[in-house]
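# What the coordinates show
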Amino acid sequence: RPRLRESFTGRNAFILVAIGSAVGLGNIWRFPYITYENGGGAFLIPYLIALLTAGIPILLFDYAIGYKFRGSPPLAFKRLHPKAETIGWLQVGICFLIAIYYSAIIAWAAMYTWFSLTQAWGDDAEGFFFNEFLQYDAGGTEGTGISVDFVAQVGWPLIAVWAVLLVALATGVRRGITIVSMIGIPLLFLMFILLVGYSLTLEGAAEGLNALFTPDWGALTNGTVWIQAYGQIFFTLSVGFGIMITYASYLKRRSNTSGSGLVVGFTNSSFELLSAIGVFAALGMLAVAGGTAVDEVASSGLGLAFVAFPTIVSEAPASALIGVLFFGGLTLAGLTSQISIMEVVISAVKDKTGWSRVKTVALVGGLIAIISIVLIGGVSGVTILDVVDAFSNNIGIVGGALIAVVMVAWVFRRLDSLAAALNRFGSFKVGPIWKTLLGIVLPVVLSVLLVMDITDKITEGYGGFDTWVLVTFGWGSLAVVIVASVALSLIPWRGASAMHQEDPD
Ligand code: PHE
Ligand code: NA
């Protein structure tokens, strides 16, 4: 008895949920400091070029695969070619890794929304974050050892975040998944518009914006700047690791897929610009008030959000308000992105096994939640988070995307039929330019990104962590993903039919 695949209630629901995935920590903390460090205003040029030559084309590529083959990544790739299933599991594996730690940042942001009311960090935001809140050095684990000693004020909020996530996922695409974005995304945009409006009135706003946008044209001839631009685009659009394939698999047959893709891509970039303006206007105040140069406070995501921003909150007039807007927004942005990551894993297991959604969420979602709570809810959480993030994001996402694009374009040669699927009901038609970008430009760019990053991690290590920590949580987790992907592809299908392709075009 064939069961119909779930579907979104309509185009708006799909666009909102896809924006929910795209708009996340990448927009709020990554884009501002990456822009600042890579040429300021001049960075917008490589950024836009990366968006148009790589971001939008691969976004449409993901949409086309999900929409045409109507499956989670392993199912969609299997339907694309019987030998391609492993490509899908690699993407699922990356999502599994990211899901373990991303939820912790949501839990921290939720706690900081609360802390904003009393400015619980006093006048030492950095000491408060690492020592008092995360208990980072309490187990004597800084930099070296790993311990899972539970930290109550981090672990309990994390458990609460997982409860919300699993309930939303268990109720399905039309209910929980759509509802969280339907409420969360408009609220997030409203909060950030208020935040930006407010930040612009702060003393020092002009200095902050000057620091951010003053163009350093010399940056344009620097290769690293271009690589940073492409890296930012991949991360911020959530492309290349199965998310957009999964969401597009729930589209109805007659969907304007390419048009929706453009809306999602440009909305994400607009939000990125908006939050950069808000963040730097506020940082300017800090620089003026405390005499600190902006670059001391804006050099990393965690530092920016949990050290610099709390300091701003303490010093700004109407402090609690700006704190609640920023950390509340961060919480909402994180939740909608985390749901999208989880849904990749849930839908893949569901498709393969034929289990019900509730059973899959309970078993697989529960497993990820437990790993997350044990590893990231303990005193070494921030270490593990940092390492898994550095490996899964740079090597995992970029490597997974490279394999997918090269195999589909050159080995299975399916770009023409993907283009046809997009063009059938799409308002934006793709053709030779799209195929050239995917088949030639993207493989080159992705290979350069990947080789540079792997070389760097092999020769320099990462973040000053002990080699055994990198081998266990970095290289080790990537190795597990690869082995598991091959193994899972060998198991026979019990759920959705891997042979039946629903869209003969
Ligand atoms: N696109 C997200 C962002 O900009 C990144 C992301 C989404 C990461 C989903 C993980 C999961 O923050
Ligand atoms: Na984003």
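Positions within a chain are numbered from 1, following the residues in the order the chain's sequence is written. Going through the entries in the order they are written, you letter the chains from A and number the ligands from 1. pLDDT decides what is reported in this predicted model: residues at 70 or higher carry local features, side-chain atom pairs at 80 or more are listed and counted, and totals for whole chains, interfaces and linings draw on all residues regardless. Computation of side-chain values: all heavy atoms of the structure, hydrogens and water removed.

## Digging into the site of ligand 1
Under the convention used in this document: If even one non-hydrogen atom of a residue comes within 4 Å of a molecule or strand, that residue is called near it. Any N or O atom pair separated by 3.5 Å or less is treated as a polar contact, with the protein-specific requirement of one donor-capable and one acceptor-capable atom, and with residues adjacent in sequence counted only for side-chain atom pairs. The Shrake-Rupley method, run with a 1.4 Å probe sphere, supplies the accessible areas, and residue values consider only the shown protein chains as cover.
Around ligand 1, 15 residues are found, and the nearest of them are A22, L25, G26, S238 and I341. The separation between a nitrogen atom of ligand 1 and a polar main-chain atom of T236 is 3.0 Å. Between ligand 1 and S238 there is a distance of 2.9 Å, counted from a nitrogen atom to a side-chain nitrogen or oxygen. Here ligand 1, which alone exposes 320 Å², has 100% of that area covered by the protein.

## What about the coordination of the sodium ion (ligand 2)?
Filter applied, for reference: Donor selection uses N, O and S atoms within 2.8 Å of the metal (3.2 Å for Na, K and Ca). Since no water is included, sites may look incomplete. Helix and strand labels come from DSSP, where a helix needs a run of H or I of at least four residues and a strand needs a run of E of at least two; each type is numbered from the N terminus. Burial status follows relative accessibility: with a 1.4 Å probe on protein chains alone, a residue under 20% of its type maximum counts as buried, one over 50% as exposed, and anything between as partly exposed.
Within the protein, A22 (O), N27 (OD1), T236 (O), T236 (OG1) and N268 (OD1) serve as the donor atoms for the sodium ion (ligand 2), at 2.2 to 2.7 Å. Going along the chain, you hit the donors of the sodium ion (ligand 2) in the pattern A-x4-N-x208-T-x31-N. Of this pair, N27 sits in helix α2 (residues 25-37) while T236 sits in helix α10 (residues 223-237); the two residues are 209 residues apart in sequence, bridging distant segments of the chain. Look at N27 and you get buried, because its relative accessible area is 0%.

## Observations concerning the nonpolar core
As a reminder, the rule being used: Put simply, a nonpolar core is a bunch of buried Ala, Val, Leu, Ile, Met, Phe, Trp, Tyr and Cys residues held in one set by side-chain atoms that sit within 4.5 Å of each other. Whether two residues are in contact is decided by their heavy atoms: any pair within 4.5 Å suffices.
Judged by nonpolar contacts, the single largest core of 175 residues is most densely connected at F61, W108, F133, F306, F309, F326 and W434. Top contributing element to this core by residue count: helix α5 (residues 85-118), with 21 residues. Contact partners of W108, with chain neighbours within four places excluded, come to F129, F133, L134, V154, L302, F306, V382 and L385.

## Notes on unusual backbone geometry
Not every positive phi belongs to a glycine, and Q119 is a case in point at roughly 50°. Residue position: Q119 is located in the loop between α5 and α6 (125-133). By relative accessible area, Q119 is classed as partly exposed at 23%. Here the phi dihedral of S238 falls at roughly 55°; this positive angle occurs in a residue that is not glycine.

## Details of a nonpolar patch on the surface
Note the following rule: Each patch is built from residues that are more than 30% exposed by relative accessible area and take part in no salt bridge. Like charges join if they lie within 9 Å; nonpolar side chains (Val, Leu, Ile, Met, Phe, Trp, Tyr) join within 5 Å. Salt bridge, as used here: a side-chain nitrogen of Lys or Arg that lies within 4 Å of a carboxyl oxygen of Asp or Glu.
The grouping of I179, M182, I183, L187, L190 and L194 at the surface amounts to a nonpolar patch, some 570 Å² of accessible area in total. The residue L190 is located in helix α8 (residues 173-200) in this model.

## Structural notes on the side chain of S275
Inspection of the secondary structure assignment puts S275 in helix α12 (residues 257-290). A distance of 2.8 Å separates a polar side-chain atom of S275 from the backbone oxygen of N27. Contacts of S275, omitting those with residues within four sequence positions, involve N27, I28 and F192.

## Quick word on α6
When we look at burial in α6, the residues that qualify are A125, G127, F128, F129 and F133. Contact partners of the buried residues in α6: α5, α7 (152-171) and α14 (301-315). Among the residues trailing α6, Q135 stands out with phi positive, at a value near 60°.

## Regarding the packing of helix α3 (residues 44-69) against α10
Put simply, the rule reads: Axes here refer to lines fitted to C-alpha atoms; in helices the fit is confined to the stretch in contact. Angles between the N-to-C directions go from 0 to 180 degrees. Each angle receives one of four descriptions, namely roughly parallel if under 35 degrees, roughly antiparallel if over 145, roughly perpendicular if within 65 to 115, and oblique otherwise. Left-handed describes a crossing whose near helix is turned anticlockwise from the far helix by less than a right angle; the clockwise case is right-handed. Three classes are used, and their members are as follows: Ala, Val, Leu, Ile, Met, Phe, Trp, Tyr, Cys and Pro are nonpolar, Asp, Glu, Lys and Arg are charged, and the others, Gly among them, are polar.
Closest axis-to-axis distance for the α3/α10 pair is 9 Å, and the angle between their directions is 40°. Here α3 lies oblique to α10, going by the angle between them. Two packed elements cross with a definite hand, and for α3 against α10 that hand is right-handed. Of the residues in α10, those in contact with P46, Y47, I49, A50, L51, T53, A54, G55, I56, I58 and L59 of α3 are V225, W226, A229, Y230, Q232, I233, F234 and L237. For the contact of α3 with α10, the per-class residue count stands at 16 nonpolar, three polar and no charged.

## Description of the side chain of R30
What counts, and what does not: Neither His nor the chain ends contribute to the count of charged residues, in which Lys and Arg are positive and Asp and Glu negative.
Locating R30 in the fold gives a position in helix α2. D389 provides the closest opposite charge to the buried, unpaired R30, separated from it by 6.8 Å. Side-chain polar atoms of R30 contact the side chain of Q232, separated by 2.5 Å. Discounting chain neighbours no more than four positions away, the residues touching R30 are L25, G231, Q232 and F235.

## Observations regarding the environment of S21
On the secondary structure map, S21 appears in helix α1 (residues 11-22). Of the residues examined, S21 reaches a relative accessible area of 3% and is grouped as buried. Residues S21 and F280, 259 residues apart in the sequence, show an inter-C-alpha distance of 24 Å.

## Quick word on helix α16 (residues 357-376)
Quick reminder of the rule: Bend, in this description, refers to the angle at a residue between axes fitted to the seven residues ending there and the seven starting there.
Of all bends in α16, the biggest is about 25°, found at G366. Along α16, the positions that sit buried rather than exposed are R357, T360, V361, V364, G365, G366, I368, A369, S372, I373 and I376. Turning to α16, the residues buried within the fold contact α5, α7, α8, α15 (319-353) and α17 (381-411).

## So, the packing of aromatic side chains
Basically, it comes down to this: Planes of paired rings set the category: under 30 degrees apart is stacked, over 60 is edge-to-face and the rest tilted, where pairs are Phe, Tyr or Trp rings (Trp by its six-membered ring) whose centres lie within 6.5 Å.
What the rule picks out here adds up to 32 aromatic pairs. Residues F129 and F306 carry aromatic rings whose centres are separated by 4.9 Å and whose planes lie at 5° to one another, so their mutual orientation is stacked. Taken as a pair, F129 in helix α6 and F306 in helix α14 lie far apart in primary sequence, 177 residues in all.

## Focus: the pattern of salt bridges
Applying the stated criterion across every chain yields a total of eight salt bridges. Between K78 and E85 there is a salt bridge, with its nearest N and O atoms 3.7 Å apart. Just as K78 is buried, E85 falls in that class too. D453 is the salt-bridge partner of K457, the closest N and O atoms lying 2.7 Å from each other. Here D453 and K457 lie together in helix α19 (residues 432-460), a separation of four residues that amounts to about one turn. Here K457 and D453 have matching classes, each one buried. Shared partners join several salt bridges into a network, and the residues in it are E6, E343, K350 and R357.

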